[in-house]
Amino acid sequence: MSGGRRRRGSLARRRRLVHSFLPVHLLLLPLLLASPCTGFLPNFWSQFLTLPWKSVTHQHITERSVVNVTLESLAATEQQVAGQKSPLGRGFWRAVGEVVQSNADMDFLSSTKSDPVYHFDSERVDEAAAVLRQLWAQTLLSVRARQYQSARRSLGQLCHSLQDFYSHSNWVEMGERSLYRHLLQPEEPAVPVAPENTATCMECFSATCRGNLLPTLANGKPGSKLLTTGYFGSDPPKPPGKCSHGGILDQSRSLEAKGGINKDSGSPLFSPHHYLHQEAARLAGEATLSLLLDLRDTVSHKTFLRLFSVGQAPALVFVMDTTGSMFEEITAARLRAHSIIQSRASGAGEPSSYVLVPFHDPKVGPVYETEDPNQFMQSMENLLALGGGDEPEMCLTAVQVALTHSPPLSEIFVFTDASPKDAHLFDAVKALALEKQSKVSFLLTEDPSYAADSRGRSKRRRRRRRSGEPLSPDRFSLYSSLSSLSGGLTVFTTNSDIQAVSTIVEDCTALDKVTLLHVVSEEEESLSSHYFKVDALVENVTLLITGALSECKLSSPSEQSQSLPSERGPLAEMKSFKGLSRINLLLPIEAGQWKLQVKSDGHLTFNVLGASPVDFLYHFATVANETHPGLARVEGSPVADVPTFLVLTVTGLPQKEEVSFSHVMLLGAHGEKLQTVELNSSSSSSLSSFFPSVDQLVGRVDPVPKVPFCVQLTGRDNAGNKFERVSTELVHPTHVQIQVKSPPRLVPGHSTMVDFEVLNHGPARLFSLAADDDRGYLHKTGPQRFFVTEYASFSGRVELRTPATAQPGVTVSLTLTARALGSPDLNYAVAYLTVVSPDSDMSLPSCSITQVNSSCSSVCNESSWNVSLAVSDSGRSSLAALQLQKGEGVLTLFLSPPAMEESPVDGQLDPEHQHQHQHQQAHHGEHMARLKAGDAPFNVSAWPLGSSQPLWGRYTSSCCSSQAELLVWNTAGNMKRCHLTSGQQGQQRDHNAEASGVGHTEFVSYFMFFWTVFLLCCPFL
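Being a predicted model, the structure only gives us computed values, none of them experimental.

A. Highlighting the overall build of the protein. Counting its secondary structure elements, the protein contains 20 helices and 42 strands. The buried share of the protein, taken over its 1021 residues, is 59%. In the protein, of all internal contacts separated by at least 6 residues, the share reaching a separation of at least 24 is 74%. Put simply, the protein shows about 40500 Å² of open surface, and 51% of that area lies on carbon and sulfur atoms.

This is the structure we're talking about:
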């Protein structure tokens, strides 16, 4: 590890300015949030800085494209499950959020925000296109390896760079109205980039720069066109006569030639070519849509939907201790898994995947991961309880493995009776659980508080420590801590009750499960009262209470009460087991506030669950306005004692019922109210504008509390009843941050350095860094120490050595934890690194048109057209499959060239004679197959084709259908989309790009100008 101290005063200055700047910044927040504008900048918050110019953001483009392709894929595969209100649930929007966030991070991360190859700046077009193709290859590798989280991150980066091309280059100014296919398909025609010594722009002395591109760079004639992109900042330096990016954030705008050409927003303050913003955004959207369609058709509709967690219930994830004392626990897990599989088979609640991680000491695994419930049950049946009898065991290692193999938002259930041998992994496991927002619950069948009978004899064969030392009564404290901070449960029960207690697995993995209350009672509290609200959108309410409950009283909103478990009444039924009490509210469930009064012999954990489509996701964010204004997501825990923003995405909103949101309550670990955060609906978010079941909200937390808290969303339903949703994980504020700078790719047989930065938001002190990865690639894994002065930062790096045998597509989960020694302050960062092959075959198949015959007349159904084509693969692979994606005709495949046809023939024959004629022609090249639209991909990999031998085809169609689309795959999995037409397409209208902004006012309000300059320059004063 190497590093040094930098920016000594910057953190302190930023901290002071946050206090002085943000209150003024928010005076106009309600007004500005109501503005309908956004910007071709990172995300929805960018519109706040670009003010009233109607624009489009990276977030808007990406969200719309993903939703459109997803809905189209759903319709094509008919995966709308009966009884499921919406397949685009919380998991889908989290997946979309990962892509959007990865997209926005390109403008925020120090390693990418100023690098021209990630933004098509400084005429680095060829290098940027190479990065695009690398990201495409990485995305495909991750998807095929079912590493969907890594795939979403590289896909977000890919979308950002691709979208930037149309905003940062002169493509639009040249009058181009179609996509530049060469960026991702190098075999497509390329437009040369202006040489370094060739001037590209003229001087521009106003905010709006019209006609500042030289003639060869704007509306150039075919064959003489040159590409250019604007220079940004000072690295690399801008040569004289070259175009700048432009706008008030670009330092190069005042150098010759002054001005700029970017189309990022509709504001002349940020974009000199703002009048072309909408056209650039249209092309960026079309390019993103085309990219996603190519991805879907390359990997299949089903895989694309799984990539975005569409219509998926939570995964079923078991971590099983398999030592000899675990027979009853393994049996209980089998029965529970069988019950879930049987009751939810082929329905909306069927688990999306199944993961089983067995462990004992010293072995963990093998991991069983499948989408087939029968295979999962077979793996469960194969588990045997053998050996053991002592402790500790490798439990946290197994939980870490389960977290890396399960999707985000998973519920992980650990069955064990032993304490952890690998306590050093606690911070890494905690970081993974919080980053993935997955809950970890422990079902423990050994507890010193009630493990012996009245005579002190053991009720079952007890564990013992190998050394013979007595077992510590708090040896399970790490389990309790992990379940508490992740929002899970820890249940201390017995082997006789484990089957009944394991019903919580079904409760916690139910479809559309939401949390209405999550509270941990005070340690010595014997009597307590707790409240939760039930709204009209909630069904099937279940109360899970862990601990030693003596008695309780339940009261409804109409003040009807029932004592439990002694009374049978109309409100609820209760079942009690050792360590768990389970209360089900009886139907019909009254809407309103319910009250639960309890008496206990120790601390309790309350979890109130319901079934409802309405839930929320959230993250913390800070204002970033150095290169691209917007809200930058806070990775890890937020910084305590300073203001920050809370961004929420509410999902599953009913379209026919009005639901409003007023505020968020920050609740302490015991349910105490810490702070109320008022919310404003972000009308600038693209979500609610075209998908009304989703809303994005933002609020200001001032300041972030010092103590751990969870987030409770409050609103009202259409009947005026209050409703609440709780995110159960505990947020632990801190005074330290750690960031990974753009995780690199891993190459088999090579070493890779991963750079990180630690920011100290407290006094000068000593820090330690703990690094861990799930594949064992880290070269040094021990803690490392370094000193960081007050409000300063430290940069360092860790080394990973990827084995030569590593398989491409494998993802390595790297966790870094920075801890201030002698202080509770710590924070974490999780990076996902993908193993790539340095010589992967990424070449695409090709389609060459050899002949077009058309005899189309005014009566389309009495005439036809046909296209003869050769399909081949130019890389190291061979052809694998073909599919006629669109078109009403028939594609006939041949091993040798079919006979040439004269164009009038087919059009002059009736359909019966036309078929006979085609049959006679086919004898010149014996046909092998006929394909129609709607047929599954046709496998040709077994056909006797040489590596350079093409496959021949002829597509014939009625003139009523003038277009067709053919998909061709090679054995490397690469897909080519071939467009076939009758040759009678209409002329496209030729618009003058430079004139498209005529009539747009160049008047800029003085108030808006100075307000924007204040917002952007304040942090640098």
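That shown, we press on.
B. A look at the nonpolar core. If you look at the biggest cluster of nonpolar residues, it comprises 57 residues, and the most contacted ones within it are Phe92, Trp93, Leu155, Tyr166, Trp171, Leu183 and Phe308. Elements with a minimum of two residues in this core: helix 4 (58–77), helix 5 (90–105), helix 6 (125–144), helix 7 (148–168), helix 8 (277–299) and helix 9 (301–307). Sorting elements by how many residues they give to this core places helix 6 first, with nine residues. The contacts of Phe92, once residues within four sequence positions are left out, are Val66, Val67, Thr70, Phe308, Ser309 and Val310. Listed in part, the 32 residues of the second largest apolar core include Ala315, Phe359, Ala433 and Phe442.

C. How the structure looks around the packing of aromatic side chains. Applying the stated criterion across every chain, the model contains 23 aromatic pairs. Geometrically, the ring pair formed by Phe120 and Phe165 is edge-to-face, given 5.3 Å between the ring centres and 70 degrees between the ring planes. In this pair, Phe120 sits in the loop between helix 5 and helix 6 while Phe165 sits in helix 7, placing the two residues 45 residues apart along the sequence. On the basis of relative accessible area, Phe120 is assigned to the buried category, the value being 0%. Relative accessible area serves as the criterion here: at 0%, Phe165 is assigned to the buried category.

D. Summary view of the sheet that holds strand 11 (residues 527–534). Read from one edge of the open sheet, four strands run 11-17-13-14, paired in antiparallel fashion. Strands at the two margins of the open sheet, each flanked by one partner only, are strand 11 and strand 14 (561–564). Going across the sheet, the axis of each strand differs from the next one's by a mean of 20 degrees, ignoring polarity. By the bridge criterion, six bridges tie strand 13 (residues 549–555) to strand 17 (residues 592–600) in an arrangement that is antiparallel. Among the inter-strand pairings, Lys553 is bridged to a residue of strand 17, identified as Gln597.

E. Main features of the pattern of salt bridges. All chains considered together, the criterion is met by 29 salt bridges. The partner of Lys513 in a salt bridge is Glu411, and the shortest N-O contact between them spans 2.5 Å. In this pair, Lys513 sits in strand 10 (residues 513–520) while Glu411 sits in strand 6 (residues 411–416), placing the two residues 102 residues apart along the sequence. A salt bridge links Arg819 to Asp427, with the shortest nitrogen-to-oxygen separation between them at 2.4 Å. Taken together, the positions of Arg819 in strand 32 (residues 811–820) and Asp427 in helix 13 (residues 426–436) put the pair 392 residues apart, joining distant regions of the chain.

F. Molecular detail of the sheet that holds strand 36 (residues 879–886). Taken together, four strands build an open sheet; the order of strands is 39-36-41-42 and the sheet is antiparallel. The open sheet is flanked by strand 39 (938–939) and strand 42 (975–981), the only strands paired with a single partner. Pairing of strand 36 with strand 39, which is carried by two bridges, proceeds in the antiparallel orientation. Looking at the pairing, Ala881 lines up with Asn939 of strand 39.

Reading the values: the criteria
Residues numbered from 1 in each chain as written. Predicted model: local features only at pLDDT ≥ 70, side-chain atom pairs only at ≥ 80, totals over all residues. Heavy atoms only, no water. Helix = DSSP H or I, 4+ residues; strand = E, 2+ residues; numbered from the N terminus. Buried < 20%, exposed > 50% of the residue type's maximum accessible area, 1.4 Å probe, protein only. Contact = heavy atoms within 4.5 Å. Areas by Shrake-Rupley, 256 points an atom, 1.4 Å probe, with all protein chains shown as cover. Core = buried A, V, L, I, M, F, W, Y, C linked by side-chain atoms within 4.5 Å. Phe/Tyr/Trp six-rings, centres within 6.5 Å; stacked < 30°, edge-to-face > 60°. Pairing = 2+ DSSP bridges. Axes fitted to C-alpha atoms, helices over the stretch in contact; angles between N-to-C directions. Salt bridge = Lys/Arg side-chain N within 4 Å of Asp/Glu carboxyl O.

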